[in-house]
Amino acid sequence: MKKIFNTILILSILFTFILVFNPNPAQAAALDDIEIATNKDTVNPGDTITLTITFGKPLGAYTFDIAYDNNLLEYVETDGGTPNDNGTRVRVVFYDSTGGTNPKESMSITFRAKEGIMTSNPTDLAVTAEGLANPDASENYDDITIALEKNIVVEPRYEDYKFDLSYTGGPIINEEKEMILSLTSAMGKNYDHARIIAEATTPDGGNVQLKGTDETQTEYDIIDSGWGDPSGYAIGGQNVNKILSLRGIFDKAGEYTLTFKLIDRDNSDAVIAENTFTVTVIDTETTPPEEEIPENEPEGTVEENMTNTIEENLPTQLPKTGINLYIPIVVIVIAIMSTSLYISMNKKNK
């Protein structure tokens, strides 16, 4: 009994000694006000994203570990400590060597999305910490062992989907018109269950059908029931180019408005893409009108009219060409008269 008493007495003296010579022991507490945030929720290849950790109170010492997916991201830089990147985790260490005059209230770390990413990739940045202390190290904080996570998405720069409707010549009522409907995107966002549907505005009392056959030889009227399996199909990625060969049937002349939509069956049929086209339907195929003969032209065959035209244009007097025939005749006459006059004068002189 005496031995137990002596042990208790020794422990009491030791505890009193600790209280006397260390009246302000370091206290451990939770860092409840810490927050993490990124400057964007989605990052594209080649772009950077910055994670900021706000402590909620100034710290004189800390060690933070930030884990990341190196298939999607690469480390760039840190502000607020000395970094060490091992390829999947960056460890950032800080200690205020001034003894508490230069604490930190936050730190940030920047990553860059890698090139060549072809799909949407949800991922997260996970933060844990240890060695947390206030500026003068008189107070320590609990380690953060359960990771604080910030969810982000790494994805390509998607381009909108676009419909195009092409055909040759104007549709004629009640005659099938071959039409090509194309849906394209250089980099289309991925959807597991997308579907093409169509709507039509017609002339009063008019009806239209847009029929086509898929690879299973199933025929659809895209206006009546949409295209393909009602549950939809997967679409997306690089150089999307879906071609539908359709047969348009219009039963009334006039203007029809055709609207094509790509919808997301997994998101309450939300419209992904939409384009509208106007189609003008005619009664019959038009032919060029016959050439009319002007009223002032005489009736007759083309050859007769051409002959008449040539005769009308002939000159009434031939143009003079070469030497004038009257000149030598006059010269001869003058010569004869001069000779006769000369002979006559000679006879009188004799």
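Just so you know, these numbers come straight off a predicted model, no measurement behind them.

### Focus: the packing of aromatic side chains
Any two aromatic rings considered together are summarised by their centre-to-centre distance and by the angle between their planes.
No. 1: Throughout the structure, instances matching the rule amount to 10 aromatic pairs.
No. 2: For the ring pair Phe-55 and Tyr-62, a centre distance of 4.9 Å and an interplane angle of 55° mean the geometry is tilted. For the pair Phe-55 and Tyr-62, a shared accessibility class is recorded, and that class is buried.
No. 3: Note on Phe-163 and Phe-260: the rings are 6.0 Å apart at their centroids and 35° apart in plane angle, and the pair reads as tilted. Of this pair, Phe-163 sits in strand β13 (residues 162–166) while Phe-260 sits in strand β18 (residues 254–264), and the two are 97 residues apart along the sequence. Per residue, the accessibility class of Phe-163 equals that of Phe-260, and both read buried.
No. 4: By the ring-pair criterion, three or more aromatic residues cluster together here, those being Phe-55, Tyr-62, Phe-64 and Phe-94.

### Points about the sheet that holds strand β4 (residues 48–59)
No. 1: Strand order in this open sheet of four strands is β2-β4-β9-β6, and the pairing throughout is antiparallel. Looking at the sheet topology across the chains shown, the edges are occupied by β2 (35–38) and β6 (73–79). The sheet shows a mean angle of 20° between the axes of neighbouring strands, taken without regard to direction.
No. 2: The sheet contact formed by β6 and strand β9 (residues 104–113) spans six bridges and is antiparallel. Looking at β9, one finds that Glu-77 is bridged to Thr-110.

### Some points on the environment of Asn-151
No. 1: Assignment of secondary structure puts Asn-151 in strand β12 (residues 144–154).
No. 2: Overall, Asn-151 belongs to the exposed group, its relative accessible area being 52%.
No. 3: Once the C-alpha coordinates of Asn-151 and Thr-42 are considered, the two residues, 109 residues apart in sequence, prove to be 9.4 Å apart.

### Topic: the confidence of the model for the protein chain
Parts of the prediction with low pLDDT should not have their coordinates interpreted in detail.
No. 1: Overall, the predicted model of the protein chain reaches an average pLDDT of 84, with 75% of residues at or above 70.
No. 2: This stretch, residues 4–26, has a pLDDT under 50; its non-local contacts, to residues over four places away or in other chains, come to three contacts.
No. 3: Overall, residues 318–322 carries pLDDT values under 50, and its contacts beyond four positions in sequence, including any with other chains, amount to zero contacts.

### Quick word on the pattern of salt bridges
No. 1: Inspection of the entire model under this criterion finds nine salt bridges.
No. 2: Close ionic contact of Asp-41 with Lys-150 constitutes a salt bridge, the shortest N to O distance being 3.7 Å. Of this pair, Asp-41 sits in the loop between β2 and β3 (42–43) while Lys-150 sits in strand β12; the two residues are 109 residues apart in sequence, bridging distant segments of the chain.
No. 3: As a salt-bridge pair, Arg-247 and Glu-176 come within 3.6 Å of each other at their nearest N and O atoms. Taken together, the residues span a long stretch of sequence, with Arg-247 in strand β17 (residues 233–250) and Glu-176 in the loop between β13 and β14 (177–201) at a distance of 71 residues.
No. 4: Ionic contacts of the salt-bridge type, sharing partners, join the residues Asp-65, Arg-89 and Arg-91 into one network.

### Some words on the environment of Gly-170
No. 1: Tracing the chain through its elements places Gly-170 in the loop between β13 and β14.
No. 2: Between the C-alpha atoms of Gly-170 and Ile-282, which are 112 residues apart in sequence, the distance is 7.0 Å.
No. 3: In this structure, Gly-170 is in contact with Lys-177 and Thr-280, ignoring residues within four places of it in sequence.

### A few points about the pairing of β17
The two faces of the sheet receive side chains in turn, since in a regular strand these alternate between them.
No. 1: In this sheet, β17 lies alongside β14 in antiparallel orientation, the contact comprising 13 bridges. Looking at β17, one finds that Leu-183 is bridged to Lys-242.
No. 2: Both strand β15 (residues 208–213) and β17 contribute to a ladder of four bridges, which runs antiparallel. Across the sheet, Gln-209 pairs through a bridge with Ile-249, a residue of β17.

Definitions and cut-offs
- Residues numbered from 1 in each chain as written.
- Predicted model: local features only at pLDDT ≥ 70, side-chain atom pairs only at ≥ 80, totals over all residues.
- Heavy atoms only, no water.
- Phe/Tyr/Trp six-rings, centres within 6.5 Å; stacked < 30°, edge-to-face > 60°.
- Buried < 20%, exposed > 50% of the residue type's maximum accessible area, 1.4 Å probe, protein only.
- Helix = DSSP H or I, 4+ residues; strand = E, 2+ residues; numbered from the N terminus.
- Pairing = 2+ DSSP bridges.
- Axes fitted to C-alpha atoms, helices over the stretch in contact; angles between N-to-C directions.
- pLDDT = per-residue confidence, 0-100.
- Contact = heavy atoms within 4.5 Å.
- Salt bridge = Lys/Arg side-chain N within 4 Å of Asp/Glu carboxyl O.

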